[in-house]
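# Examination of the molecular architecture
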Amino acid sequence: MELPDFMNYSSKFSQKDFADKISRIAKRAGAKLVYAALILYYTLQSDKVSKKDKAIIIGALGYMISPLDVIPDAIPIAGLTDDLAVLLYVLKKVWTGIDPEIVEQAKNRLSKWFDEDEISEIGDLLDDKD
């Protein structure tokens, strides 16, 4: 799958829209997508992250929020795969700026929507980044 120019979606991002979308799609999206989104969201709030990385994160989160993307979110299962691909791509790009405390904060928030079995599926998400 070819990634879209997700930077065109930066105007779609807002904290309220992010919170609304994540809470609405959490179970359908799966723990891995929500975890990646939360890490990027919390990284965006850090003063240790460059403006360039923040711009990339805003583009990716805006893409996730937008209902108009390569594979519309309304399509069951497949509708969120492009969102996950974009989030993982950006996560890999900005990984050096991510504080371990942010990772822990994302895990803690994840437990609000998922049980331990579902959270266990995020384990390999971070293994690819090291």
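A brief report on the enclosed structure follows. (Residues numbered from 1 in each chain as written. Predicted model: local features only at pLDDT ≥ 70, side-chain atom pairs only at ≥ 80, totals over all residues. Heavy atoms only, no water.)

With that settled, consider the overall build of the protein chain. Along its length, the protein chain carries 7 helices and 0 strands. Taken from N to C terminus, the helices and strands of the protein chain fall in the order α-α-α-α-α-α-α. For the protein chain, buried positions account for 48% of its 130 residues. The contacts in the protein chain between residues at least 6 apart in sequence include a share of 74% that link residues at least 24 apart. In the form shown here, the protein chain has an accessible surface area of approximately 7000 Å², with 52% of it arising from carbon and sulfur atoms. (Helix = DSSP H or I, 4+ residues; strand = E, 2+ residues; numbered from the N terminus. Buried < 20%, exposed > 50% of the residue type's maximum accessible area, 1.4 Å probe, protein only. Contact = heavy atoms within 4.5 Å. Areas by Shrake-Rupley, 256 points an atom, 1.4 Å probe, with all protein chains shown as cover.)

Right, let's talk about the packing of aromatic side chains for a bit. Counted under the stated rule, the structure contains 3 aromatic pairs. Where F13 meets F18, the ring centres are 6.5 Å apart and the plane angle is 55°; that geometry is what we call tilted. Accessibility classification places F13 together with F18 in one group, the buried group. Each ring, one from F18 and one from Y41, has its centre 4.4 Å from the other, and the planes form 10°; the classification is stacked. One end of the pair, F18, is in helix α1 (residues 15–29); the other, Y41, is in helix α2 (residues 31–44), with 23 residues separating them in the sequence. Taken as a pair, F18 and Y41 share a single burial class, namely buried. Every member of this aromatic cluster is reached through a ring pair, and the members are F13, F18, Y41 and Y42. (Phe/Tyr/Trp six-rings, centres within 6.5 Å; stacked < 30°, edge-to-face > 60°.)

This part is about helix α3 (residues 51–65). The terminal C-alpha atoms of α3 lie 21 Å apart, and with 15 residues this matches the ideal 21 Å at 1.5 Å per residue to within 8%. Turning to α3, its buried residues are D53, I56, I57, G59, A60, L61, G62, Y63, M64 and I65. In this structure, the buried residues of α3 make contact with α1, α2 and α4 (81–94). (Expected span 1.5 Å × (residues − 1).)

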